[in-house]
Structures are given as structure tokens and as C-alpha cells.
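For reference, the chains in residue letters:
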Amino acid sequence: MEGINSNKSLAEVENGIIEDFSMYEEWLDKYEYLIDLGKNLEPYPESARTEDRLIKGCQSRVWLDSKFEDGKLYFAADSDAIITKGIISLLISVYSGRTPQEILSSDFSFIDKIGLKENLSPTRSNGLVSMISTIKALALEKSNV
Amino acid sequence: MNVNELRNFFPALETEIFGKKLVYFDNAASSQRYIRAVKRQEDLSLHCNANIHRAVHKLSADATEEYESTRNAVKDFLNASSREEIVFTSGTTNSINLVAFSFGETFIHEGDEIVVSEAEHHSDIVPWQMLCSRKNAVLKVIKVDDNGILDIDSLTSALSERTRIVAVTHISNVLGLVNPVREIISICHSKGIPVLIDGAQGIVHQRVDVQELDCDFYAFSGHKIYASTGTGVLYGKKKWLEAMIPYMGGGEMIDHVSFSGTTYAPLPGKFEAGTQNFNSIPTLKDSIELFKLLQDNELKLYCDKVSSFMYDALTSDSRIKLYGVPCGTVSKIPLYSITVKGVHHEDLALLLDKMGIATRSGQMCAEPLMDRFGVTGMLRISLAPYNTMEEAQYFIKCLDKAIAMLS
Ligand SMILES: Cc1ncc(COP(=O)(O)O)c(C=O)c1O
């Protein structure tokens, strides 16, 4: 569970992702890139693959583990679907290793800007939507301590 | 008629998705709309819009005529013995809930048993579960084998002295196999047990004659047979509908209302409380007309060719597992639910979507069946007569590409 980009600001990482995605004109290329990210996602600790960490969606399942250390939130996550894993990898690169205040300052709109909004629409009821609400809720909870 | 002539009746098929020509392979969820149904609905909304049955004015009389002539058309289409046996609903779910409530409240008591199959859509499971919990009744389940074929022995052993009704699907929306409903009905009737058939998929692909089938109830939706959304039918034998208490109370379903007691309208009004969907129900007439067009020999031969191509392509690929394998007398509609080794159904559906192909992924409202096969979901490809060989070939190519990207 690392903060992968902790030397950059959260907004810088978000902008970097938006830029990466702007290189792909074809939808399939975007997804190819996401699949790649999914395949290279840091392995999720088997000990954390528990029922209480499982976010059950309609289609894909998502496991989310978090810890709060030295004022920062760290996340690890996994999914049984590879495209979902790719999006998880993006979310972790942006939000893991951040302070609750930093996380709360983000409006998560970069997902929309790279054209993946449909994957995160609440009506899709997939694990990703719940993953984001969990990240937000944790940030809010920790910002109050 | 050839397939291109047929496609002209479905303008939605010309839609572009992500810059690609739409390939609509999610017909089992909802078909595209038949242009004449769309036009009729528009015409009724614009030029013949008045509440039915109530007023004496001309517009209301015309709207009533459109609505009631649809009942005659559906009666003839299903070969029901009388128009009283045709109840309009908002869809299959509504039709089944009506029976589960009205039949249930009239005939089900503590300890009674209701039988469904494990291949049912949630809408033919949950209403019965709700009934069972109201009445302390018991829900029993008929099994399917590894090919998805309904196990008739397990039906026979599920039936008991306490069985009050059996509810099974004509064709499962996951397996696409045509269940031997005639045989099921005669087994149940030999023990005096009525049978409800969930015809949501059956009506799309089979000629349904309710007298020949001898089913007690048959439920289906208009939106799967090219008519408007929010339209549906419940066929019920008169003897049951007459004996059953109403489902909903309200306007139109009554004979006399007073605070000392209310009497109900005769059939079918007793089950049609409140303002009905009078702008949309008449589009069922267009479905029926289309159904006749679809009997065209050239079209049927073409459909068979496309179906065999799909079936052969999907079953000859060792990476793919197909659920619902036809055998013996059990035939299959062009509906293919698959899983691919090591690949998630959602990933496949997302990539296919980007190639312009609409499919369905997930549990398909049949979680018990997913559990039966030990999967979290499947990818479903369901065709309609307007789908072409070129689309089928393009799909197989794209599926191959998607699998390669994901492996
Ligand atoms: C077999 C089956 N039963 C019931 C339904 C429910 O139909 P509706 O949602 O139109 O009420 C469907 C449609 O999804 C179905 O395929």
C-alpha cells in the first residue's frame, strides 16, 4: 500500500492522467491502456481479501483495503474484472498516500474528463461507485479527528 | 421479405455508437420498436387522446375502441376462448405479481406449496417468495441439468398434495431453451394443479395457443415484441380470474361503491384498476401484425442460417462455454449466454460496446441460475429476426479481438 505519486500534488497527478488519455483517439486504445494498467496493478494482499472488504456490485466485484498512517490515507484495491482494475489503478495513483483534506479537495471529475464517466455512474451500481464513496467517506471521517 | 426490407421497419437499427454502426444484440432485454407501433402511439397521443371507458364524447369512444379492439386482437393471437381472459398490464412482472397476489390471497394457505424452476427470472421468483412469507407457504424448486435442460423428474417429485400452483418459464432469458411446457402442464393438471407460464421470451419466438397449451396463466411484455414499453398481457382462464380477488382497488374496477360495501366489475375490468395505458396498449396490434410478417419463409430461412452460424462459432471455440445446450426435442432460440475462460463478462461487454455491439452482461436477473452454474455472471448475445449475417460475423470477429485484448 504505497502512495505512488506522493512527490506530485494530487491535481498534478490528475492532470497527468487526463493528458495520458488525451493521446488516445480511439475508444479501444483507451481501454487497451486501462487493461494494461489493470494487469500491472500492485497485487492485492490475500489476507485482505475478506467479505467485509468486498464491495458487491451488479457486475464486477471490488475489494478495498485502507489504512490511515501519519495523517495520510493509503488504499489497496482489487477487482475480478480487468477494466475495473485499470480504473482502480488510476484511483489509487491519485488518492493513495494523500491527506484527508487533499482527497476532499478533489471532485473526482478527472474520471469524467477522460471519458470514463459511464463506468462510474451511480446507476451502473458497480463496485467502483461504492469504492469512490468509501474513499470520500474515509477522508471525511479522518478529517474530523 | 428479405432482412433489409424488415430492417426498414426499425429505424433505431441505423443508430451509430462510438462512431460504429450499432449492432443490437440485446433483444432479449428489450427489442427495438416497430415503426408502425411508434407511429400508432404518436398518432393516438396527438389525435385520439382521451380517457377510455368513461366519457360519452367521441374522442373517448375512439380511444376506447382502439384499446378494446386490441383485446380482441390479443385474444385471437393467443387463441383464448374469450376476451374476458385477456387482462392488460404494464408487463410480465406486473402480470406475475397480479397472479401471485390475487391467486395467492384467494387460494394459498399456511403450509401450501408453490413450485418454480431454478431457471426463472427474478420476476417469477420474488413475487412467489413474497406470497410465501405472507402466508407461511413453501417455495419448492425444480432443477435444471448441466446443459440447462429442465429436469422433469424433479418436477414430478416436487409436486405434492399441498402444491397449489406451478410457475415456470416458457423460455429462460439466460438459457434460451424452449421448455416442454405442454408436458409440464399435463403432468400438473393430472394432479389438479394450475400452471402459470412466464412467456416474456416465449411469446417472442413461439406460436402460442393457450387452449392447445391448456395453461392456466400466460404472462408477457409488449416491449420485447417490438411494441411500446409499459404494455403487457396476462392471459388467465376465466374460472380462475373469476374466483380471484382483485389485485388493486380503484376507478374502473368496481361495479358499485358504497361505505357499506363495494362490488367489483366483471372481467376483465376487475383487474384493470385506474387509468390504463391507452396510448400504448394498442401498439400490441402492430406486434401481432408484425408477428405474421415474420412468418415469411425467406426471413425464417435467413434467421436459421444466422442462428446456426452463431451457434457453431460459439460452440467450436474451446475458450468459450455456452449455457443452455439444446438436445433431443429441446430446441434453442438465438440467445447465447456464455463465459470465457479467464475473462470477466463485464470486460467483454465494455469492449464490445466500444465496437458498437450491444450485449448484456451480469446476472441477467437470474441470480439462482448463476449460482447453479457457479459463475458471477455471463455475457448474453440475443438476436432478433432483423439481425444480419454480416452483424453475426462482425460480432464473432470482435469477440475474438476482445478476448485477445483481455487475455
Ligand atoms: C423470462 C423473463 N421473465 C420476466 C421478465 C420481466 O419482464 P418485464 O421486465 O418486461 O416485466 C423478463 C424480461 O427481462 C424475462 O426475460
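Position labels on residues start from 1 in each chain and follow its written sequence. As they are written, the chains are lettered A onward and the ligands numbered 1 onward, keeping that order. Only residues with pLDDT of at least 70 are given local features in this predicted model, and only at 80 or more are side-chain atom pairs given and counted; all residues enter the totals for whole chains, interfaces and linings. Values shown for side chains rest on all heavy atoms present in the structure; no hydrogens or waters enter the calculation.

1. With respect to the side chain of B:T163
Then step 1. Think of it this way: any DSSP run of H or I at least four residues long counts as a helix, any run of E at least two long counts as a strand, and we number them from the N terminus. With respect to the helices, strands and loops of the structure, B:T163 is situated in strand β7 (residues 163-169).
Then step 2. Summary of the burial criterion: residues with accessible area below 20% of their type's maximum are buried, those above 50% are exposed, and those between are partly exposed, where the area comes from a 1.4 Å probe applied to protein chains only. Here B:T163 falls in the buried class, since its relative accessible area comes to 4%.

2. Observations regarding the site of the ligand
Residue and element names in this part refer to chain B.
Then step 1. Near is defined per residue: the residue qualifies when any heavy atom it owns lies within 4 Å of the molecule or strand. By nearness alone, every residue bordering the ligand is listed as T92, T93, H121, S123, T169, N173, D198, A200, Q201, S221, H223 and K224.
Then step 2. Under this definition, polar contacts are N or O atom pairs within 3.5 Å; protein pairs additionally need one hydrogen-donor-capable and one acceptor-capable atom, and for neighbouring residues in sequence, both atoms have to be side-chain atoms. In this structure, an oxygen atom belonging to the ligand sits 3.4 Å away from a main-chain N or O atom of T92.
Then step 3. In this structure, an oxygen atom belonging to the ligand sits 2.7 Å away from a side-chain N or O atom of H223.
Then step 4. Out of a free accessible area of 400 Å², the ligand has 85% covered by protein chains.
Then step 5. Across the shell around the ligand, the residue classes tally to one nonpolar, nine polar and two charged. Residue exposure ignores everything except the shown protein chains as possible cover, and the areas themselves are Shrake-Rupley values with a 1.4 Å probe. The residue classification treats Ala, Val, Leu, Ile, Met, Phe, Trp, Tyr, Cys and Pro as nonpolar and Asp, Glu, Lys and Arg as charged. All others, Gly included, are polar.

3. Details of the domain arrangement of chain B
All names here are of chain B.
Then step 1. The split into domains, and so the bounds of each, comes from an automatic or database assignment of domains. On domain assignment, one finds that chain B holds domain 1 (3-30 + 296-406) and domain 2 (38-289).
Then step 2. Computed over C-alpha atoms only, the centres of domain 1 and domain 2 are separated by 28 Å.
Then step 3. The criterion used for residue contact is that any of the two residues' heavy atoms lie within 4.5 Å. Taken together, the contacts link 31 residues of domain 1 with 25 residues of domain 2.
Then step 4. Defined here as a combined quantity, buried area equals the accessible surface (1.4 Å probe) lost by two parts on assembly, summed across both. Contact between domain 1 and domain 2 buries roughly 2,300 Å² in total, counting both sides, with carbon and sulfur atoms accounting for 59%.
Then step 5. Among the residues of domain 1 in contact with domain 2, I333, L369 and R372 are the three that bury the most area, contributing 25% of the side total.
Then step 6. Whenever a carboxyl oxygen of Asp or Glu lies within 4 Å of a side-chain nitrogen of Lys or Arg, that contact is scored as a salt bridge. For the interface between domain 1 and domain 2, the tally reads two salt bridges.
Then step 7. Residues R372 and D146 are paired through a salt bridge, measuring 2.7 Å at the closest nitrogen-oxygen approach.
Then step 8. Listing elements by their share of the side of domain 1 that touches domain 2, those giving two or more residues are β14 (335-340), α14 (367-372) and β17 (378-382).
Then step 9. The dominant element in the side of domain 1 that touches domain 2, judged by the number of residues it contributes, is α14, at five residues.

4. Concerning the pattern of salt bridges
Residue and element names in this part refer to chain B.
Then step 1. Applying the stated criterion across every chain, the model contains 33 salt bridges over all chains.
Then step 2. Here R380 and D26 are joined by a salt bridge, their closest N and O atoms 3.5 Å apart. Of this pair, R380 sits in strand β17 while D26 is found in the loop between β3 (23-24) and α2 (35-47), placing the two residues 354 residues apart along the sequence. This pair shows no difference in class: R380 is buried, exactly as D26 is.
Then step 3. Across the salt bridge formed by R134 and E105, the nearest N and O atoms sit 2.9 Å from each other. You can see R134 sitting in helix α5 (residues 126-135) and its partner E105 sitting in helix α4 (residues 92-107), a full 29 residues away along the chain.

5. Points about the sheet that holds strand β9 (residues 217-221) of chain B
Residues and elements named next belong to chain B.
Then step 1. One requirement defines pairing of two strands: DSSP has to find at least two bridges between them. Sheet architecture is open: seven strands sit in the order β4-β10-β9-β8-β7-β5-β6, paired in mixed fashion. Pairing within the sheet leaves two strands with one partner each, and these edge strands are β4 (86-89) and β6 (138-142). Sheet twist, expressed as the average angle between the axes of neighbouring strands with direction ignored, equals 20 degrees.
Then step 2. Here four bridges tie strand β5 (residues 113-117) to β7, and the two strands are oriented parallel to one another. Along β7, the bridge assignment pairs V115 with V166. With axes taken as lines fitted to C-alpha atoms, and helix axes fitted only over the stretch in contact, angles between N-to-C directions fall between 0 and 180 degrees.

6. Examining helix α3 (residues 58-78) of chain B
All names here are of chain B.
Then step 1. With 21 residues, α3 should reach 30 Å at 1.5 Å per residue; the first-to-last C-alpha distance of 30 Å fits that figure.
Then step 2. Within α3, burial applies to S60, A63, T64, E66, Y67, E68, S69, T70, R71, V74, F77 and L78.
Then step 3. Positioned one or two residues after α3, N79 has a phi angle of 55 degrees, which is positive. What a helix is expected to span follows from its residue count: subtract one and scale by 1.5 Å.

7. A word on the packing of helix α13 (residues 345-354) of chain B against helix α15 (residues 389-406) of chain B
All names here are of chain B.
Then step 1. The geometry of α13 relative to α15 is characterised by a closest axis approach of 10 Å and an angle of 125 degrees between their N-to-C directions. Taken together, the axes of α13 and α15 are oblique relative to one another. Judged by the sense of rotation from one axis to the other, the crossing of α13 with α15 is right-handed. Of the residues in α15, those in contact with D347, L348, L351 and L352 of α13 are F395, C398, L399, A402, I403, M405 and L406.
Then step 2. Split by residue class, the contact of α13 with α15 holds ten nonpolar, no polar and one charged. Every angle not falling under 35 degrees, over 145, or within 65 to 115 is termed oblique; those three ranges are roughly parallel, roughly antiparallel and roughly perpendicular. Here a crossing is taken to be left-handed if its near helix is turned anticlockwise relative to the far helix by less than a right angle, and right-handed if that turn runs clockwise.

8. Examining the interface of chain A and chain B
Then step 1. Opposite the 21 residues of chain A that make contact, chain B presents 20 residues.
Then step 2. When chain A packs against chain B, the two sides together hide about 1,600 Å² of surface, and 57% of this comes from carbon and sulfur.
Then step 3. Looking at the side of chain A facing chain B, the largest losses of area belong to A:W27, A:L28 and A:Q59, adding up to 37% of the total buried there.
Then step 4. Along the contact surface separating chain A from chain B lie one salt bridge.
Then step 5. In this structure, A:E26 engages B:K20 in a salt bridge whose closest nitrogen and oxygen atoms are separated by 4.0 Å.
Then step 6. Linking chain A with chain B are seven residue pairs in polar contact (both at pLDDT 80 or more), by the criterion used here.
Then step 7. Contributions of two or more residues to the side of chain A that touches chain B are made by α2 (27-39), α3 (82-95) and α6 (117-120) of chain A.

9. Here we look at the packing of aromatic side chains
Residue and element names in this part refer to chain A.
Then step 1. Pairing of aromatic rings covers Phe, Tyr and Trp, the last through its six-membered ring, and needs centres within 6.5 Å; plane angles under 30 degrees mean stacked, over 60 mean edge-to-face, and all others mean tilted. Tallying each qualifying case throughout the model produces 21 aromatic pairs over all chains.
Then step 2. Between Y95 and F108, the ring centres sit 4.4 Å apart and the planes meet at 25 degrees, which makes this aromatic pair stacked. Of this pair, Y95 sits in helix α3 while F108 is found in the loop between α4 (100-105) and α5 (110-113), placing the two residues 13 residues apart along the sequence.
Then step 3. By the criterion adopted, a ring carries a charge over it if an Arg CZ or a Lys NZ lies within 6 Å of its centre and within 35 degrees of its normal. Geometry around W27 places K30 over its ring, the cationic atom sitting 4.4 Å from the centre.
Then step 4. Over the aromatic face of W63 sits the side chain of R49, whose NZ or CZ is 4.9 Å from the ring centroid.

10. Side note on the nonpolar core
Then step 1. Within the largest apolar cluster, 144 residues are counted, with the highest numbers of intra-cluster contacts made by A:Y95, A:M131, B:L78, B:Y218, B:Y226, B:L351 and B:L399.
Then step 2. Each of domain 1 (3-30 + 296-406) and domain 2 (38-289) of chain B accounts for three or more of the residues forming this core.
Then step 3. With sequence-adjacent residues up to four places away left out, B:L78 is seen in contact with B:I86, B:I203, B:V208, B:D209, B:V210, B:F220, B:V233 and B:Y235.
Then step 4. One finds B:L98, B:I114, B:A137 and B:F271 within the second-largest nonpolar core, a separate group that totals 24 residues. What we call a nonpolar core is a set of buried Ala, Val, Leu, Ile, Met, Phe, Trp, Tyr and Cys residues that are connected through their side-chain atoms within 4.5 Å.

11. Topic: the pairing of strand β8 (residues 195-198) of chain B
Residue and element names in this part refer to chain B.
Then step 1. Of the two faces of β8, the one carrying V195 and I197 and the one carrying L196 and D198 are both buried.
Then step 2. Pairing of β7 with β8 involves four bridges; the strand directions are parallel. Of the residues in β8, the one forming a bridge with A167 is L196.
Then step 3. Consider the strands pointing away from the viewer: the crossover is right-handed when the path from the first strand over the helix to the second runs clockwise. Note that the unit made of β7, helix α7 (residues 181-190) and β8 has a crossover that is right-handed.
Then step 4. Of the strand pairs in this sheet, β8 and β9 are connected by three bridges, and their pairing is parallel. Within β9, the position partnered with I197 by the bridge is Y218.

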